[in-house]
Amino acid sequence: MLAFIIRRLLQSVMVMLAVGFIAFSLFNFVGDPVSLMLPPEATQADREEVRKSLGLDKPFYVQFATFIGNAVQGNFGISLRLGRPVSQLLAERLPATLELAMTAAVFGLFMGIPLGVYTALKRDKWTSKVLLTGSLVGVSLPNFLIGIFLILIFAVWLGWLPSFGRGEVTQLGFWSTGFLTTDGLKAIILPAITLGFYPITLIMRLVRAEMLEVLRTDYIKFARARGLTNNAVHFGHALKNTLVPVITITGLQLGGIIAFAIITETVFQWPGMGLLFIQAVQFADIPVMAAYLCLIGFIFVAVNLIVDLLYFAVDPRLRVEQSGSGGH
Amino acid sequence: MDTIKRMLDSDLWYSFKRHPLVIVAAILSLILILGAALAPILAPHNPFDLKTLNLLDAFTPPAWTEAGKATFLLGTDDQGRDVLSTIMYGSRVSLLVGICAVALSMVIGITLGLISGYVGGAVDAFIMRVADIQLSFPAILIALLIDGVARVVFKDIHDQVAVYVLIFAIAASGWVQYARTVRGSTLVERNKEYVQAARVIGRKPLAIMFSHVLPNVMGPVLVLATLHVGAAIITEATLSFLGVGVPPTQPSLGTLIRIGNDFLFSGEWWITVFPGLMLVILVLSINIIGDWLRDALNPKLR
């Protein structure tokens, strides 16, 4: 157990270092920090001065270590486009993105699991077939198109819901939340459905496949033979055992949801990190790009790590097999 | 004649005939691809010929509505360009970028996969580690990042190289799947007798990899490629929609949707909805064919 955790931790640190290295290369080689910081009429002496103050005259590995040191403390320099510290910009935008991602994930779970169970139990009904075909179409639909169609129907034609922004937000310390006002709650519905669409279809198909698998096993037959009600068999025995892979996939999707929020945030002009990042790409704002990359990398690695450990805690079979063989 | 007869006798053709949905998808994709390829001949207007554009035609709704004109079947956009024609030209760009990106992705992935599987050892470990790391991030993020870097590197000439950058960005974000598949099959093939025989008669490792092993691992790769075309077209459309794809002078379906998105609220829905539908139909048909191909070529499912 301990060896597994240590190995997983080391692996995560390695991935983070790789991500950090890419961000560092972006920063130092692509961006040419010296000319970014100086006016065009600067002399050679000025350039040397700045080079020195940035530590660019030091050996490569020292520079990398300094970069990592700064990054760990959240210091990514100053945005070229907005002229403000990148860490401050990201911290302002983080609540918006996290609230959107969490709502989308909750949508995914609370829609995906019941739909998955339904399509598994009533597999021959026409509604199940419609749902399954619909989910296939949903996977082929680009995310931004779903958003546009939702805006067209619910904001433009019906006029029920707002189509851009977060609505009214309340400031709770450093955290700005849209959950406390009806305006804010209304504003999150369309973006969250758009972002949650893929997780819903994914979880639904996954739960269905797992349920069908579990329903064929012997212990379900025995449970039925014992005279348990259908509900007890389906939800007490079968569903419980399908949830392990669901936890994993949902967890792994969480990082993906935060990354895909870039698209949803652009469609709905949602003031989150994704919108900040896409503007950074358009304006070649290297510090913001590097910082966003590190942050997303960190979220991915952390989520992967937690899911792996959780998997380990939830599934006792893994603990037994772990004694000899490796990882998964 | 002989090859046609062989094709008609094959299992694949038999399976194709028994799947009406796949036949519809195949016909649809054929029409769409032909329409895109022959756009300069078939399109009712040339949306890039400024002389034929008339601003008075701007925002004409589709022909079947009251204010529509018969000459503009799907209406016109803000500059008076015929939406049907821009869609035909747009799918040309989308398909071109998608197919080129998949081809490049295959070349990178297959080469690295063959090397990884055939050479093994530290090379294999390194390539697979990189693949693992890349696989834990969504393709769109990697493509965005490459595009962002290219914007800095090619600051002044970015519009001219945008299409190539886009192809490279999508290709670089998709090679892992091919590398993994090819590596897996290569590990199996490597120890078979024909490879040993080739080695004994003194063929060079590169020759063995590409002329002996490669043909035997191509099956799953082709299925993967079909499904990848759909995904690549979506990635291209997404990047163009986000404003970091092809330049507006050379609009793809994604760019058209982005342009139309600005007019959603003023009621001109057709400018964005028709390119959107076109994108969905195109990707859906390709995906249906890919799904069928995967099942039809999988001997375990027969």
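Fair warning: this is a prediction, and the values are worked out from it, not measured in the lab. (Residues numbered from 1 in each chain as written. Chains lettered and ligands numbered in written order. Predicted model: local features only at pLDDT ≥ 70, side-chain atom pairs only at ≥ 80, totals over all residues. Heavy atoms only, no water.)

1. Examining the packing of aromatic side chains
Selection rule: Each Phe, Tyr or Trp ring, with Trp reduced to its six-membered ring, pairs with another whose centre is within 6.5 Å; inter-plane angles below 30 degrees give stacked pairs, above 60 give edge-to-face pairs, and intermediate values give tilted ones. Numbering of helices and strands runs from the N terminus; a helix is a DSSP stretch of H or I covering at least four residues, while a strand is a stretch of E covering at least two.
Going through the model one piece at a time under the given rule, you end up with six aromatic pairs over all chains. Pairing Phe 21 of chain A with Phe 24 of chain A gives two aromatic rings, centres 6.4 Å apart and planes at 40°, and the pair type is tilted. With Phe 21 of chain A and Phe 24 of chain A both in helix H1 (residues 2-30) and three residues apart, this pair spans about one turn of that helix. The rings of Trp 13, Phe 16 and Trp 292 of chain B are connected pair by pair, giving a single aromatic cluster.

2. With respect to the side chain of Ser 285 of chain B
Inclusion rule: What qualifies as a polar contact is a pair of N or O atoms within 3.5 Å, subject to a donor-acceptor requirement within protein and to the restriction that residues adjacent in sequence count only when both atoms come from side chains.
Residue position: Ser 285 of chain B is located in helix H13 (residues 270-296). Of note is the side chain of Ser 285 of chain B, whose polar atom sits 2.5 Å from the backbone oxygen of Ile 281 of chain B.

3. Details of the packing of helix H12 (residues 253-261) of chain B against H13 of chain B
Residues and elements named next belong to chain B. What counts is decided by this rule: Only C-alpha atoms enter the line fits that serve as axes; for helices the fit covers just the stretch in contact. Angles between N-to-C directions range over 0 to 180 degrees. Oblique is the label for any angle not covered by the other classes, which are roughly parallel (under 35 degrees), roughly antiparallel (over 145) and roughly perpendicular (65 to 115). Less than a right angle of anticlockwise turn of the near helix away from the far helix marks a crossing as left-handed, whereas a clockwise turn marks it as right-handed. For this analysis, residues touch if any pair of their heavy atoms sits within 4.5 Å.
At a closest axis distance of 7 Å, the pairing of H12 and H13 adopts a crossing angle of 155°. Compared by their axis directions, H12 and H13 come out roughly antiparallel. The way H12 lies across H13 gives a crossing that is left-handed. Residues Leu 253, Leu 256, Ile 257, Gly 260 and Asn 261 of H12 form the contact with H13, whose own contacting residues are Ile 271, Thr 272, Pro 275, Gly 276, Met 278 and Leu 279.

4. Structural notes on the environment of Ala 238 of chain A
Here Ala 238 of chain A lies in helix H10 (residues 230-268). With near-sequence residues (within four places) excluded, Ala 238 of chain A lies in contact with Met 211, Val 214, Leu 215, Tyr 219, Ile 220 and Val 233 of chain A.

5. A look at the nonpolar core
Test applied: The nonpolar core is taken to be a set of buried Ala, Val, Leu, Ile, Met, Phe, Trp, Tyr and Cys residues, with the residues joined through side-chain atoms within 4.5 Å. Categorising residues by exposure relies on relative accessible area from a 1.4 Å probe, with only protein chains included: less than 20% of the type maximum marks a residue as buried, more than 50% marks it as exposed, and the intermediate range marks it as partly exposed.
Core analysis: the biggest nonpolar cluster contains 121 residues, and Phe 144 and Phe 277 of chain A together with Leu 279 of chain B have the highest contact counts within it. Of all the elements, helix H11 (residues 205-241) of chain B adds the most residues to this core, at 14 residues.

6. With respect to the interface of chain A and chain B
Put simply, the rule is: Computed with a 1.4 Å rolling probe, the buried area is the accessible surface lost when two parts are put together, summed over both parts. In the sections that follow, a salt bridge refers to a side-chain nitrogen of Lys or Arg positioned within 4 Å of a carboxyl oxygen of Asp or Glu.
Facing the 41 residues of chain A at the interface are 37 residues of chain B. Of the roughly 3200 Å² buried at the junction of chain A and chain B (both faces included), carbon and sulfur atoms supply 85%. Considering only the surface of chain A that becomes buried against chain B, Ser 140, Phe 144 and Ile 148 of chain A emerge as the three largest contributors, covering 17% of it. Inspection of the chain A/chain B interface yields zero salt bridges. If you look at where chain A meets chain B, you find zero residue pairs in polar contact (both at pLDDT 80 or more). At the level of secondary structure, the elements contributing two or more residues to the side of chain A that touches chain B comprise H1, helix H6 (126-140), helix H7 (143-157), H10, helix H11 (273-282) and helix H12 (286-314) of chain A.

7. Re the packing of helix H5 (residues 86-121) of chain A against H6 of chain A
In a pair of packed helices, the angle between the axes and the distance between the axes together describe the arrangement. Residue and element names in this part refer to chain A. Stated formally: Residues are grouped as follows: nonpolar covers Ala, Val, Leu, Ile, Met, Phe, Trp, Tyr, Cys and Pro; charged covers Asp, Glu, Lys and Arg; every other residue, Gly included, is treated as polar.
The geometry of H5 relative to H6 is characterised by a closest axis approach of 9 Å and an angle of 130° between their N-to-C directions. One element, H5, and the other, H6, form an angle in the oblique class. Where H5 crosses over H6, the handedness of that crossing is left-handed. Contacts between H5 and H6 involve Leu 115, Tyr 118 and Thr 119 on the former and, on the latter, Thr 127, Ser 128 and Leu 131. Looking at the contact of H5 with H6 residue by residue, the class counts come to three nonpolar, three polar and no charged.

8. Some remarks on the confidence of the model for chain A
Residues and elements named next belong to chain A. Worth spelling out the cut-off: Looking at any residue, its pLDDT shows the predictor's confidence there, from 0 to 100.
Residues with a pLDDT of 70 or more make up 89% of chain A, whose mean pLDDT is 79. When mean pLDDT is taken per element in chain A, H5 scores highest with 86 and helix H13 (residues 316-322) scores lowest with 60. In this model, residues 322-328 is a region of pLDDT below 50 whose contacts with residues beyond four sequence positions or in other chains number eight contacts.

9. Here we look at the confidence of the model for chain B
For chain B, the mean per-residue pLDDT works out to 81, and 88% of the residues sit at or above 70. In the predicted assembly, ipTM is 0.77 and pTM is 0.81.

10. Let's talk about unusual backbone geometry
Unusually for a residue other than glycine, Gln 269 of chain A sits at a positive phi of about 50°. Tracing the sequence through the fold places Gln 269 of chain A in the loop between H10 and H11.

11. Observations concerning the pattern of salt bridges
Counting across every chain of the model gives seven salt bridges over all chains. Notably, a salt bridge pairs Arg 84 of chain A with Glu 92 of chain A, separated by 2.5 Å at the nearest N-O pair. Measuring nitrogen to oxygen at the nearest pair gives 3.3 Å for the salt bridge that ties Lys 192 of chain B to Glu 189 of chain B. You can call Lys 192 of chain B partly exposed: its relative accessible area is 36%. Glu 189 of chain B gets classed as buried once you look at its relative accessible area, which sits at 9%. In the salt-bridge network here, residues are joined through shared partners; they are Arg 129, Asp 132 and Arg 180 of chain B.

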